[in-house]
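# Commentary on secondary and tertiary structure
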Amino acid sequence: MHQRQQIRGANVRASGLEHSLQATKRRTDNEFEELHTRLEKLTALTESMWLLLTEVSGLTDEHLAYKLYELDVKDGTRDEKKSVMSMPCASARCDAMVNPRARICQFCGTDAPARSPFDKI
Ligand SMILES: [Zn+2]
């Protein structure tokens, strides 16, 4: 009798976990879909801006490819990605490396070192 109650309780808990897992999966799927849509829009916007720039500047795809190469290898790894690296704290009294996503130094509270707006995304 006691074992049946334990089994029933375990089944109820398992069912609750299953519902929770399904809800988490739906939320994750929705977030992934939203990110995918935003990436497609950002890609279209970036390509449109580049096409406008080529029309008015004389820059070519070769110029863009070279600039992309320069940016890629700046972090020491040729992987067709731009890595955002930690930078030294801007404070004269602190030599900590500041996390690329941080607004302030995690050790002394000084504003994070100035970065490109692209590094803040
Ligand atoms: Zn600091």
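Residues numbered from 1 in each chain as written. Predicted model: local features only at pLDDT ≥ 70, side-chain atom pairs only at ≥ 80, totals over all residues.

### Quick look at the overall build of the protein
- Along the protein, the regular secondary structure elements total two helices and two strands.
- Element order for the protein, N to C, with α for helix and β for strand: α-α-β-β.
- Relative to its length of 121 residues, the protein is extended, with a C-alpha radius of gyration of 25 Å against a globular reference of 14 Å.
- Across the 121 residues of the protein, 2% fall into the buried class.
- Within the protein, contacts between residues separated by at least 24 positions form 7% of all contacts whose residues are at least 6 apart in sequence. (Helix = DSSP H or I, 4+ residues; strand = E, 2+ residues; numbered from the N terminus. Rg over C-alpha atoms; globule rule 2.2 N^0.38 Å. Buried ≥ 20, exposed ≤ 12 C-beta atoms within 10 Å, placed from the backbone. Contact = placed C-beta atoms within 7 Å.)

### Looking at the environment of Pro100
- By secondary structure assignment, the location of Pro100 is in the segment after β2 (97-98).
- With 15 C-beta atoms counted inside 10 Å, the residue Pro100 sits in the partly exposed group.
- Sequence separation between Pro100 and Met85 is 15 residues, and the spatial gap between their C-alpha atoms is 6.0 Å.
- Excluding its chain neighbours within four sequence positions, the residues that come into contact with Pro100 are Val84, Met85, Ser86 and Asp119.

### As for unusual backbone geometry
- Here Glu80, not a glycine, exhibits a phi torsion of approximately 60°, which is positive.
- Residue position: Glu80 is located in the loop between α2 (61-73) and β1 (87-88).
- Classification of Glu80 by C-beta neighbours within 10 Å gives exposed; the count is 9.

### Thoughts on the confidence of the model for the protein
- Predicted confidence across the protein gives a mean pLDDT of 91, with 98% of residues reaching 70 or more.
- Here β1 stands out as the least confident element of the protein, with mean pLDDT 86; helix α1 (residues 2-57) is the most confident, with 95. (pLDDT = per-residue confidence, 0-100.)

### Observations regarding α2
- In this model, α2 (13 residues) spans 18 Å end to end at C-alpha, consistent with the 18 Å of a helix rising 1.5 Å per residue.
- Sparse coverage of α2 is indicated by the burial of zero of its 13 residues. (Expected span 1.5 Å × (residues − 1).)

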